[in-house]
Amino acid sequence: MASSLSSISSILNQPQCALLRIRIQKRCRFDLRFLSSSGHQSPLPPLNSRCYRRLTARQLKRSFAPLNLSRSFSQSVNLPEGPTLHHFIAQAASLTASQPHLDLDPVSEVSSVPASEVPMIGRIYQETYGCQMNVNDMEIVLSIMKNAGYGEVVDEPESAEIIFINTCAIRDYAEHKVWQRLNYFWFLKREWKKNKATGRSQSMHPPKIVVLGCMAERLKDKILDSDKMVDVVCGPDAYRDLPRLLAEVDYGQKGINTLLSLEETYADITPVRISKNSVTAFVSVMRGCNNMCSFCIVPFTRGRERSRPVESIVKEVAELWKEGVKEVTLLGQNVNSYNDTSGCEKEVEPGTKWEFSEGFSSRCKVKNMGLRFADLVDRLATEFPEMRFRYTSPHPKDFPDELLYVMRDRHNVCSYIHLPAQTGSSTVLERMRRGYTREAYLDLVQKIRRIIPDVGLSSDFICGFCGETEEEHADTLSLMKAVGYDMAYMFAYSMREKTHAHRNYVDDVPDEVKQRRLTELIEAFRESTGQCFDMQLGTVQLVLIEGPNKRAPETELMGKSDRGHKVSFVNVPLPDRDNTTSDKRNPIVGDFIEVRITKSSRASLFGEALAITKLSTFYSSMVEEAVACAGSRS
């Protein structure tokens, strides 16, 4: 320590150091700020914890008595990125008369160091639960951590210095699963030395456990109080703060930031793809939700709606195209309410209103109108004609005719719509505050199928919402059969705190009744969905190969059709429609394949592979065939 103080004294003798300010913080930690003659402050990280623990405030005062010091006490942590104090002292010791100026970068320059030059300081393990939005959030977190020096992602929690668990708060089951995993991670942390001794741990330090996502926002106090199980709790809008929160843990504190934002979209962050060789990817285009459905916790865990600028989305998709991605799913809590107002400076003019689906309404009024979801989809489909686009999760209220016509006219926008109904009863829909009736929903389904004849539909359903009667449940069963969904996600209702239902209704449907109704709904779905798959028999579908069929990985490949159905086929050499001079070859992951459907089940399709092709080639040939058929009939 004496040598360190000597080195600090030599630094102070430099002409550009007018003032040294030491700030005593909690647990006697301090940081140094050097004020140059130009008035620029150069912050430095705190001293190594093993050093400053030996110092008391009195010792510091005595050691630096000759200096003009200002002290301030704070509970916060100031940890800008940059060289450590030991690195700084080592530079100062080598200064000579010919080197009168310290070579220290300002914070803004240090933070812009390329990721390839940032030293790796820890390994990460991650688990993600919930929706595709959580997957994309985890990719954003990995990008932030990579820039902070945590670039290595491992496959086992026993090998990691940091364990991320990205959570979902939609239902009780998801939260229960997270608590189970947290208990195991706590065991790894508590028994770290024993695990290291027996060879079960590859980590050199006990892991820091970090809870991210919606559950972090909803249960932050409970999580932090859970017997020192968790070190950091970080909400969906605070991921940029993760490096600082993790640094706080080094000084004996808990890191927590669950503040919601009205602006954060992470538009400037390039996600680190979790699936390195995947030909599909998720791109977040908006965050948050304004709908305030009575059963839903999302507005309270994800905040209000805000959309990324179109240009930032186009840029990200362009990078994915260069990496070989062939299909992008656009994500948002209410994706089709996308509203890019970045180029708008005025509010909506009198008489102008946001256009909803016919018969639908919303409690939230749109103040500024910019580029809508139809504009975004049309722009992407036009600029990337050989890339396929999907989107989720939408709200039925935001399907104006313009969006449906874009889906019809752009061949690379998939003919698949997720159309959450939640229930088939108008009275339950009113209690849920969904903004539509059963009749309006069915009218929208008819319009969609009239404009996009071969469209695939999926939905969400909740059984046993507050006050649901047997008659209301029967309405849901009949809606399921009337529409005929390709896919449905069905759940028993679980009350969420903070929601409108929690404040105003009683969760009065017994659990056994909820489960019985859920079973009946699943049976109704299975009876009706078979027709959706059987209708594909004999048709030729365009399939994007995603990998081998897990049931026959040596001989079969699997992918998804435009309508979202899983299709498997035997891997054999095929001709290439766009390269007639070359020999046949076996298709690979990322190829688009023409497949004639020969078998159908309630969950997948099987067919005969015909040829390798491209999106534009396949759909142009379909148009030619349609024209030829029309000419022969005339």
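In this text, all values refer to a predicted model and were calculated from it rather than measured experimentally.

## Quick notes on the overall build of the chain
Next up, step 1: A count of helices and strands for the chain gives 21 helices and 24 strands.
Next up, step 2: Residues counted as buried form 51% of the 634 residues belonging to the chain.
Next up, step 3: Looking at the chain alone, contacts between residues at least 24 apart form 72% of all its contacts between residues at least 6 apart.
Next up, step 4: As displayed, the chain offers around 30,300 Å² of accessible surface, 51% of which is attributable to carbon and sulfur atoms.

## So, the sheet that holds strand E22 (residues 566–570)
Next up, step 1: Around the barrel, which closes on itself, the five strands sit in the order E20-E21-E22-E24-E23 with mixed pairing between neighbours. Taken pair by pair, the neighbouring strands of this sheet meet at an average axis angle of 50°, ignoring direction.
Next up, step 2: Of the strand pairs in this sheet, strand E23 (residues 592–600) and strand E24 (residues 605–613) are connected by eight bridges, and their pairing is antiparallel. Directly across from arginine 596, in E24, lies its bridge partner glutamate 608.

## Some words on helix H6 (residues 132–147)
Next up, step 1: Counted at 1.5 Å a residue, the expected span for H6 with its 16 residues is 22 Å, and the 23 Å between its end C-alpha atoms agrees.
Next up, step 2: For H6, the buried fraction is high: 12 of the 16 residues fall into the buried class.
Next up, step 3: Every buried residue of H6 is listed here: Met133, Asn134, Asn136, Asp137, Met138, Glu139, Ile140, Val141, Leu142, Ser143, Ile144 and Met145.
Next up, step 4: Directly after H6, the chain includes glycine 149, whose backbone phi takes a positive value near 105°.

## What to know about the pairing of strand E4 (residues 123–128)
Next up, step 1: Burial analysis of E4 places five of its six residues in the buried class, which makes it a mostly covered element.
Next up, step 2: Sheet topology places E4 next to strand E5 (residues 152–153); two bridges connect them, and they run parallel. When the sheet's bridge partners are listed, arginine 123 is paired in E5 with glutamate 152.
Next up, step 3: Between the parallel pair E4 and E5, the chain is carried across by H6, and the sense of this crossover is right-handed.
Next up, step 4: Taken together, the five bridges between E4 and strand E6 (residues 162–167) define a ladder with parallel strand orientation. Following the sheet pairing, glutamine 126 is matched in E6 by phenylalanine 164.

## Comments concerning the nonpolar core
Next up, step 1: Among the nonpolar cores identified, the biggest contains 59 residues, and Leu330, Ile417 and Tyr485 are the most heavily contacted of them.
Next up, step 2: In this structure, isoleucine 417 is in contact with Tyr391, Phe399, Leu404, Met407, Ile448, Val455, Gly456, Leu457 and Ser458, ignoring residues within four places of it in sequence.
Next up, step 3: Ranked by size, the runner-up nonpolar core spans 24 residues in total, among them Ile124, Val141, Ala148 and Leu245.

## Observations concerning the pattern of salt bridges
Next up, step 1: Applying the stated criterion across every chain, the model contains 39 salt bridges.
Next up, step 2: A salt bridge links arginine 563 to aspartate 486; the nearest nitrogen and oxygen atoms lie 2.8 Å apart. Separated by 77 residues along the polypeptide, arginine 563 in the loop between strand E21 (556–561) and E22 and aspartate 486 in the loop between helix H18 (470–483) and strand E19 (487–492) bring together distant segments of the chain. The pair formed by arginine 563 and aspartate 486 is uniform in burial state, with each residue classed as buried.
Next up, step 3: Each of Asp137, Asp237, Arg287, Arg302 and Arg306 takes part in one network of salt bridges that share partners.

## Some points on the packing of helix H14 (residues 373–383) against helix H15 (residues 401–409)
Next up, step 1: Contact pair H14 / H15: the axes reach a minimum separation of 9 Å and the direction vectors enclose 15°. The angle between H14 and H15 falls in the class roughly parallel. In terms of crossing hand, the pair formed by H14 and H15 is left-handed. Side by side, H14 and H15 meet where Phe373, Ala374, Asp375, Val377 and Asp378 of the first sit next to Glu402, Leu403 and Val406 of the second.
Next up, step 2: For the contact of H14 with H15, the residue count by class is five nonpolar, no polar and three charged.

## Some points on helix H13 (residues 310–322)
Next up, step 1: Its 13 residues give H13 an end-to-end C-alpha distance of 19 Å, which sits within 8% of 18 Å, the value for a rise of 1.5 Å per residue.
Next up, step 2: Taken together, the buried positions of H13 are Val310, Ser312, Ile313, Val314, Glu316, Val317 and Leu320.
Next up, step 3: Following H13 by one or two positions, glycine 324 has its phi on the positive side, about 95°.

## Some words on the side chain of serine 459
Next up, step 1: Along the chain, the position of serine 459 falls in strand E18 (residues 456–463).
Next up, step 2: Residue serine 459 is classed as buried on the basis of its relative accessible area of 0%.
Next up, step 3: A polar atom in the side chain of serine 459 sits 2.9 Å from the backbone oxygen of leucine 419.
Next up, step 4: Discounting chain neighbours no more than four positions away, the residues touching serine 459 are His418, Leu419, Pro420, Ala421, Tyr441, Tyr485, Met487, Ala488 and Tyr489.

## Details of the sheet that holds strand E9 (residues 255–257)
Next up, step 1: Across the sheet, six strands lie side by side as E5-E4-E6-E7-E8-E9; this open sheet has parallel pairing. In the strand order of this sheet, the two ends are held by E5 and E9, each with one partner.
Next up, step 2: In this sheet, strand E8 (residues 232–234) lies alongside strand E7 (residues 208–213) in parallel orientation, the contact comprising three bridges. Within E8, the residue paired with valine 211 across the bridge is valine 233.
Next up, step 3: Against the sheet, H6 makes contact with E4, E5, E6 and E7, and its axis sits at roughly 150° relative to E6, the strand it touches most.
Next up, step 4: The strands touched by helix H7 (residues 172–190) are E4, E6 and E7; relative to E6, the strand with the most contacts, the crossing angle is about 170°.

## Details of the pairing of E18
Next up, step 1: By the criterion of burial, E18 is predominantly enclosed, with eight of the eight residues buried.
Next up, step 2: Here E18 shows two buried faces, one formed by Gly456, Ser458, Asp460 and Ile462 and the other by Leu457, Ser459, Phe461 and Cys463.
Next up, step 3: Relative to E18, strand E17 (residues 416–418) is paired through three bridges, and the arrangement is parallel. Residue pairing in the sheet places tyrosine 416 in a bridge with glycine 456 of E18.
Next up, step 4: Relative to E19, E18 runs parallel, the two being bridged by six bridges.

## So, the packing of aromatic side chains
Next up, step 1: One pass over the full model with this rule turns up 12 aromatic pairs.
Next up, step 2: Plain terms: the ring middles of phenylalanine 360 and tyrosine 436 are 4.9 Å apart, the flat faces sit at 40° to each other, and that makes the pair tilted. With phenylalanine 360 in the loop between strand E14 (339–340) and strand E15 (371–372) and tyrosine 436 in the loop between helix H16 (426–432) and helix H17 (438–451), the pair connects residues that are 76 residues apart, well separated along the chain. As far as the burial class goes, phenylalanine 360 and tyrosine 436 line up, both buried.
Next up, step 3: Joined through ring pairs, the aromatic side chains of Tyr125, Tyr184, Phe185 and Phe187 make up one cluster.
Next up, step 4: Above the face of the tryptophan 354 ring, arginine 372 is positioned so that its terminal group lies 3.6 Å from the ring centre.
Next up, step 5: The positively charged end of lysine 599 is found above the aromatic ring belonging to phenylalanine 606, 5.7 Å away from the centroid.

Rules used in this analysis
- Just so you know, the residues in each chain are numbered from 1, in the order the chain's sequence is written.
- For a predicted model such as this one, the threshold for reporting local features is a pLDDT of at least 70, and the threshold for listing and counting side-chain atom pairs is 80 or more; totals across whole chains, interfaces and linings nevertheless cover every residue.
- The side-chain quantities take in all heavy atoms of the structure and omit both hydrogens and water.
- Think of it this way: any DSSP run of H or I at least four residues long counts as a helix, any run of E at least two long counts as a strand, and we number them from the N terminus.
- Each residue's exposure class comes from its accessible area (1.4 Å probe, protein chains only) as a fraction of the maximum for that residue type: buried when under 20%, exposed when over 50%, partly exposed otherwise.
- In what follows, residue pairs with any heavy atoms lying within 4.5 Å of each other are defined as contacts.
- Here the Shrake-Rupley method, with its probe set to 1.4 Å, supplies the accessible areas, and only the displayed protein chains count as covering residues.
- What makes two strands pair is DSSP finding at least two bridges between them.
- Axis definition: a line fit to C-alpha positions, over the contact stretch in the case of helices; interaxial angles, taken between N-to-C directions, run 0 to 180 degrees.
- Take the number of residues in a helix, subtract one, and multiply by 1.5 Å to get its expected span.
- Orient the strands so they point away from the viewer, and a crossover whose first-strand-to-second-strand path over the helix runs clockwise is right-handed.
- Nonpolar cores are built from buried Ala, Val, Leu, Ile, Met, Phe, Trp, Tyr and Cys residues. Side-chain atoms within 4.5 Å join them into one set.
- By convention in these notes, a salt bridge is any Lys or Arg side-chain nitrogen within 4 Å of a carboxyl oxygen on Asp or Glu.
- Angle categories are assigned with fixed cut-offs, so that under 35 degrees is roughly parallel, over 145 is roughly antiparallel, 65 to 115 is roughly perpendicular, and the rest are oblique.
- In a left-handed crossing the near helix is turned counterclockwise from the far helix by less than a right angle, and in a right-handed crossing that turn is clockwise.
- Under the convention adopted here, Pro, Cys and the residues Ala, Val, Leu, Ile, Met, Phe, Trp and Tyr are nonpolar, Asp, Glu, Lys and Arg are charged, and Gly plus all remaining residues are polar.
- Two N or O atoms form a polar contact when they lie within 3.5 Å of each other; inside protein one atom must be a possible hydrogen donor and the other a possible acceptor, and for residues adjacent in sequence the pair counts only when both atoms belong to side chains.
- Aromatic pairs are defined between Phe, Tyr and Trp rings, using the six-membered ring for Trp, whenever the two ring centres lie within 6.5 Å; interplanar angles under 30 degrees are classed as stacked, those over 60 as edge-to-face, and all others as tilted.
- Whether a charge lies above a ring is judged from NZ of Lys or CZ of Arg, which has to be within 6 Å of the ring centre and within 35 degrees of the ring normal.

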